[in-house]
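# Coordinate analysis (summary)
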Amino acid sequence: MKQLHKQTSVNHRSRDEEMAGSHHSTPPCSPKVTKHPRSLPRSIHYFFREQRLLFVLVGILIGYTFFILQPSLSRIGPHETNTHAPLSITSDLSDSSSSSNLFSVVDQPRYRPVGRVPAQIRNRRKRIVVTGGAGFVGSHLVDKLIARGDDVIGIDNFFTGRRGNVVHHFGNPRFELIRHDVVDPILLENFLAGILSFSILDTLFKDDPIPTLGLYLWIENLDIRLYKTNVMGTLNMLGLAKRIGARFLLTSTSEVYGDPLEHPQKETYWGHVNPIGVRSCYDEGKRTAETLTMDYHRGAGVEVRIARIFNTYGPRMCLDDGRVVSNFVAQAIRKQPLTVYGDGLQTRSFQYVSDLVDGLVALMEGEHVGPFNLGNPGEFTMLELAEVVKETIDPSARIEFKSNTEDDPHKRKPDITKAKELLNWEPKISLREGLPRMVSDFRNRMLNEDEGKVL
Ligand SMILES: O=c1ccn([C@@H]2O[C@H](COP(=O)(O)OP(=O)(O)O[C@H]3OC[C@@H](O)[C@H](O)[C@H]3O)[C@@H](O)[C@H]2O)c(=O)[nH]1
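Reference entry: report on the structure contained in this document.

Cut-offs applied
Residues numbered from 1 in each chain as written. Predicted model: local features only at pLDDT ≥ 70, side-chain atom pairs only at ≥ 80, totals over all residues. Heavy atoms only, no water. Core = buried A, V, L, I, M, F, W, Y, C linked by side-chain atoms within 4.5 Å. Buried < 20%, exposed > 50% of the residue type's maximum accessible area, 1.4 Å probe, protein only. Contact = heavy atoms within 4.5 Å. Phe/Tyr/Trp six-rings, centres within 6.5 Å; stacked < 30°, edge-to-face > 60°. Helix = DSSP H or I, 4+ residues; strand = E, 2+ residues; numbered from the N terminus. Lys NZ or Arg CZ within 6 Å of the ring centre and 35° of its normal. Lys, Arg positive; Asp, Glu negative; His and termini not counted. Salt bridge = Lys/Arg side-chain N within 4 Å of Asp/Glu carboxyl O. Right-handed = clockwise from strand over helix to strand, strands pointing away. Pairing = 2+ DSSP bridges. Expected span 1.5 Å × (residues − 1). Patch = residues over 30% accessible without salt bridge, like charges linked within 9 Å, V, L, I, M, F, W, Y side chains within 5 Å. Areas by Shrake-Rupley, 256 points an atom, 1.4 Å probe, with all protein chains shown as cover.

On to the nonpolar core, then. Core analysis: the biggest nonpolar cluster contains 58 residues, and Tyr313, Val329, Leu360, Leu435 and Phe442 have the highest contact counts within it. Once residues within four sequence positions are removed from consideration, Val329 is found in contact with Val389, Ile393, Leu435, Met438, Val439 and Phe442. If you look at the next biggest cluster of nonpolar residues, it comprises 23 residues, including Leu240, Ala246, Leu250 and Val369.

Bringing the packing of aromatic side chains into the picture now. According to the stated counting rule, one finds 4 aromatic pairs in the structure shown. Arranged with centres 6.0 Å apart and planes meeting at 20 degrees, the rings of Tyr257 and Tyr269 form a pair that is stacked. Here Tyr257, found in the loop between strand S8 (247-253) and helix H7 (280-300), pairs with Tyr269, found in the loop between S8 and H7; they are 12 residues apart in sequence, far enough to count as distant. Here Tyr257 and Tyr269 have matching classes, each one buried. Between the aromatic rings of Tyr257 and Phe310, the centroid separation amounts to 6.2 Å while the plane-to-plane angle is 40 degrees, which identifies the pairing as tilted. In this pair, Tyr257 is assigned in the loop between S8 and H7 and Phe310 in the loop between strand S9 (303-309) and strand S10 (312-313), connecting sequence segments 53 residues apart. Both residues of the pair, Tyr257 and Phe310, belong to the buried class. In this structure an aromatic cluster arises from ring pairing among Tyr257, Tyr269 and Phe310. Positioned over the ring face of Phe372 is Lys418, at 4.9 Å from the centre of the ring. In this arrangement the basic side chain of Arg437 is found over the ring face of Tyr352, its NZ or CZ atom lying 5.2 Å from the centre.

Along the chain, Asp415 turns up in the loop between strand S16 (399-402) and helix H11 (417-423). As a buried residue without a salt bridge, Asp415 has its nearest oppositely charged side chain in Lys266, at a separation of 4.0 Å. Once residues lying within four places of it in the same chain are set aside, the contact partners of Asp415 are Pro264, Gln265, Lys266, Glu267 and Asn373.

Before going further, it helps to examine unusual backbone geometry. The omega torsion across His263 and Pro264 is -10 degrees, close enough to zero to call that bond cis. In this structure, Pro264 sits in the loop between S8 and H7. The omega torsion across Gly370 and Pro371 is 5 degrees, close enough to zero to call that bond cis. Summarising the element assignment, Pro371 is placed in the loop between helix H9 (353-365) and strand S14 (372-374). Even without being a glycine, Lys335 presents a positive backbone phi close to 65 degrees. Of note, the phi angle at Asn424 is positive, near 55 degrees, even though the residue is not glycine. Inspection of the secondary structure puts Asn424 in the loop between H11 and helix H12 (431-450).

It is worth spelling out the environment of Asp143 at this point. You can see Asp143 is positioned in helix H4 (residues 136-147). Counting along the chain gives 26 residues from Asp143 to His169, while the straight-line C-alpha distance between them is 8.3 Å.

Evaluation of the coordinates by the stated rule reveals 21 salt bridges. The closest approach of N and O atoms between Glu255 and Arg412, which form a salt bridge, is 2.9 Å. Highlighted residues: Glu255 in the loop between S8 and H7 and Arg412 in the loop between S16 and H11, separated in sequence by 157 residues. With a relative accessible area of 8%, Glu255 lands in the buried category. The class for Arg412 is buried, based on a relative accessible area of 3%. The network of salt bridges with common partners includes Glu255, Arg279, Arg348, Asp408 and Arg412.

Okay, the pairing of S9 next. Counting buried residues along S9, 6 of its 7 residues qualify, which places the element largely inside the surrounding structure. What joins S8 to S9 is H7, and the crossover it makes is right-handed. Relative to S14, S9 is paired through 3 bridges, and the arrangement is parallel. Across the sheet, the residue bridging to Arg308 is Asn373, located in S14.

Let us now look at H4. Taking 1.5 Å per residue as the helical rise, H4 with its 12 residues ought to reach 16 Å, and the 17 Å between its terminal C-alpha atoms agrees with that figure. By the criterion of burial, H4 is predominantly enclosed, with 10 of the 12 residues buried. Among the residues of H4, Phe136, Val137, Gly138, Ser139, His140, Leu141, Val142, Asp143, Leu145 and Ile146 are the ones counted as buried.

A surface patch of nonpolar side chains, about 460 Å² in accessible area, is lined by Phe48, Leu53, Val56, Leu57 and Ile60. Residue contributions to the nonpolar patch peak at 4 residues, all from helix H3 (residues 52-80). With respect to the helices, strands and loops of the structure, Leu53 is situated in helix H3.

Encoded structure:
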């Protein structure tokens, strides 16, 4: 290096001397000398002097070596280097119980075994923050993102999320888990430079049987809590997305349509929601979240995506979250009667969680803001659902009718034409195919629960 420096200063000196010499020989204020064809041999001579050719050749060699070797360099780079070690501290924190959800991405070259495409042109690996990353939907999203090679930072308050949902990623340097409630701001920008994407998932906890003391304490203020999560959580994450220039995906809900007067529901339908009812903490919370998301998009230029998620089921649902599929499945396995609320003729459309996750990723990567309905159009009454659960688990299961909750939507079914056309997405797994996959997960966890090991 020193030698190179010396060589450079020698070069400078000789160039200075050369310029000084030419200055002496050029009369002051002489007009610009027009280049003459006879100067061509002098240019060639200049090129070969003072090792200029050598420098050019070395430059070409360095450039060539970089583009040839780059793929193998990227193999050892991001995978084996923990670029955000400070965050991993939180993955040692112990579990409690309950969650909120989301994620986000970054921008590192994705390893390709072959090819000589310059780094800038190659596909980039993303770093994705998933709020509620240890929850039901969030953890499946984490699985998918990790499997395709992204870096994932999960944020969860463990109200309903469980470390068990993501424990298989612990030790993977591409996954980190932070215990945090998104109701409070989180200042991650020092670690997240370059993040491209965000998504927020929601958690809804019904005031049905809640199994732990912690949740009883929390449930006292459930409505306020839900609203705060949806409004303040969304606001905080939008603020973070704005500060670091990330793309933000809001996971809204079919509940924004309320008790719909249009059926099936298209994204253009504005909904029919009781603003002061018992469900409005959730419905209006999500509607406000959509408003905030669009305001940040229009007013602050944040790149956003909005998904309206319809009823979703699958492995890792909370055993006792009060939702109908998890209730029926848990009840049938425990040999308890299936509790049908009201006359059981109200309808819902149930999508399997992997279909939803595929839709979320398609939305995040697509060019369209949305909102997009993500749901399975297969529509069932609650009595029909109970029959499918009976067929799948226990044909002798009994049904017990209970009074329904206030403002319960009478029907719900997504129109997914828009998602089909613009995201090239549609669900693949029917209720009869998906339910058995959930049942085996529930059986395992309930067995372990009975043995005192809550997973
Ligand atoms: O044990 C039960 C539970 C629920 N139900 C009924 O089943 C229907 C569906 O209830 P769920 O609680 O599963 O779901 P909901 O449709 O009320 O809310 C759902 O909507 C969209 C998502 O965003 C929400 O997260 C999800 O909870 C309701 O009509 C309810 O009254 C029963 O008949 N028995």
